[in-house]
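What follows is each chain in one-letter form.
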Amino acid sequence: MNTATSLAALRSLVSPARAAAQRLATLQRPSFTTTASLSTIPTKAAGRSLTHSRVAFARRHFSAETQKRDPPKLVDLGDDSNATAVDKKVHLRWADGTTSRFHSFWLRDHCHCPECYHSVTKQRLANTFKIPRDIKPRSVTLSPTGLEVIWDNDYHKSHYDYSWLQKHSYDPKISDPNKPEGAAKITWNNSIASHLPEVAYKDVMASDKGLATWLNNIHVYGFSFVSGVPVTTEATEALAKRITFIRETHYGGFWDFTSDLGHGDTAYTDIPLGAHTDTTYFTDPAGLQMFHLLYHDGEGGHNLLVDGFHCAKVLKEKYPQSYKTLTEIGVPSHSAGDPATHIIPSPRRNPILNHDPVTNELTQVRFNNDDRSTLDHLDALQVEAFYSALFDWNEVLSDEKNMLWTKFQPGRVLIFDNWRCLHGRSGFTGKRRMCGAYTNWDDYRSRWRTLNTPSEQLAEEL
């Protein structure tokens, strides 16, 4: 669960008396600049809860309700020639003059009538392989709400909402099927210390609105704090389960741990840990990670967060060849500290920077230098290229202005996107008891999606 990013800087924080004296004045002064130094290590929530996600949430719902009351005119219903069958396709001319062309087989395969599509499970009921490949319409009609087609082979009647057809038009493409979901992500450096995303425990636990705000913070910023959490494992576990079920791993389910080497991993020690993402050795790395400090009678143990998406952007601008290298060369990883554990992912090697193959959007940072296995798969030229890129990546990660330092406090939970944010800590003294959990990426995204997007919109996107 760790890597060696600027360990000299991290180890300097092990001397808590000196560190506290040097930083106290800075901690009490908010920083709005992008040049804040590593010494800006807040010991309490320095910022205010962000309201951007609430505003965006309200606007989306207001827009959806307005569209229900006054839907746009998509098709001129007064002209029957706007819907025609041509060869093996159905042509639909929109009000703006654009014409969409749909294959007849595609339309029949996507019929959403109750006989062909289960309205509750959102699953196809029609047997695709029993549809005649040369199927064609017997009739095509414009109705007030959508296109109606009666098929020639069995007189089956299909209805397609105009909005659904426009959204899924592929010839030509009218809507962008690859448009990013939700509010735009906001990347950050340590100037975010003056306005940290934070929600209240009581709001998250009391309503789905509070939960939606919390999850949207994670979506936009990659992390969020939760204040006012009872300092118990029970309350922390209940908070994690507000999102989804807790992911079981070889570390267990919900963790309650100290620096006793309870598992063969340096997270279970008191040494400094550089910026890293967890579970790089899993085929499917953990999606979210939660931490709650229950008790600490010593000093040190400051928490480090780094926005991997921001750092990737900096790397691409400053060292474009290194960025390219880290997207192409796979890195092997492992977890083998416990006697009965020998975990490696499939495929065996994965790039540090992973992208959507269609949009080329960065989707996942997968980096833990300490869990990296032997690089014997590289050829001679790749060895030089990889290490050069790795050093450039480390330079960006360990730049003080990209490192957000905070101090864990009992009652204040941190949760972050493990596919985006890297985390670490300074060394510490004394007894330190932490608890927390992993959740799966897909289940977190499902919960975020259903709470922040109208159900009608989600259904139309399928």
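Refer to the preceding data block for the structure.
Scope of this entry: the structure provided in the associated data block. Bear in mind the structure is a predicted one, so any value in this text is a computation, not a measurement.

**Observations regarding the overall build of the protein chain**
- Secondary structure assignment for the protein chain yields 13 helices and 22 strands.
- Counting over 462 residues, the protein chain shows a buried share of 49%.
- For the protein chain, contacts bridging at least 24 residues in sequence account for 74% of all contacts bridging at least 6.
- Accessible area for the protein chain stands at about 21,700 Å²; split by element, carbon and sulfur atoms hold 52% of it.

**Notes on the environment of Ser 224**
- Relative to the elements of secondary structure, Ser 224 occurs in strand S10 (residues 223-227).
- In this structure, Ser 224 is in contact with Pro 197, Glu 198, Val 199, Trp 214, Asn 217, Ile 218, Val 413, Leu 414 and Ile 415, ignoring residues within four places of it in sequence.
- Of note is the side chain of Ser 224, whose polar atom sits 3.5 Å from the backbone oxygen of Pro 197.

**Topic: the sheet that holds strand S12 (residues 273-276)**
- Spatially, the 4 strands line up as an open sheet ordered S12-S21-S14-S19, and their pairing is antiparallel. Looking at the sheet topology across the chains shown, the edges are occupied by S12 and strand S19 (404-406). On average, adjacent strands in this sheet sit at an angle of 15 degrees to one another, irrespective of strand direction.
- One ladder, built from 3 bridges, connects strand S14 (residues 303-307) with S19; its direction is antiparallel. By the bridge assignment for S19, Leu 304 is matched with Trp 405.
- The strands touched by helix H9 (residues 308-318) within the sheet are S14 and strand S21 (421-425), with S14 carrying the most contacts at an inclination of about 50 degrees.

**Let's talk about H9**
- Of the positions making up H9, those classed as buried are Gly 308, Phe 309, His 310, Cys 311, Ala 312 and Leu 315.
- If you check the start of H9, you find a side-chain oxygen 3.0 Å away from the backbone N of Phe 309, and it comes from Asp 307.

**With respect to the pattern of salt bridges**
- If you walk through the whole model with that rule in mind, you get 17 salt bridges.
- Among the ionic pairs, Asp 284 bridges to Arg 247, the shortest N-O distance being 3.8 Å. One end of the pair, Asp 284, is in the loop between S12 and strand S13 (288-296); the other, Arg 247, is in the loop between helix H8 (233-241) and strand S11 (255-257), with 37 residues separating them in the sequence.
- In this structure Asp 284 comes out as partly exposed when scored by relative accessible area, which is 34%.
- The residue Asp 256 makes a salt bridge to Arg 433 at a minimum N-O spacing of 2.6 Å.

What counts and what doesn't
- Residues numbered from 1 in each chain as written.
- Predicted model: local features only at pLDDT ≥ 70, side-chain atom pairs only at ≥ 80, totals over all residues.
- Heavy atoms only, no water.
- Helix = DSSP H or I, 4+ residues; strand = E, 2+ residues; numbered from the N terminus.
- Buried < 20%, exposed > 50% of the residue type's maximum accessible area, 1.4 Å probe, protein only.
- Contact = heavy atoms within 4.5 Å.
- Areas by Shrake-Rupley, 256 points an atom, 1.4 Å probe, with all protein chains shown as cover.
- Polar contact = N/O pair within 3.5 Å; in protein donor to acceptor, adjacent residues only side chain to side chain.
- Pairing = 2+ DSSP bridges.
- Axes fitted to C-alpha atoms, helices over the stretch in contact; angles between N-to-C directions.
- Salt bridge = Lys/Arg side-chain N within 4 Å of Asp/Glu carboxyl O.

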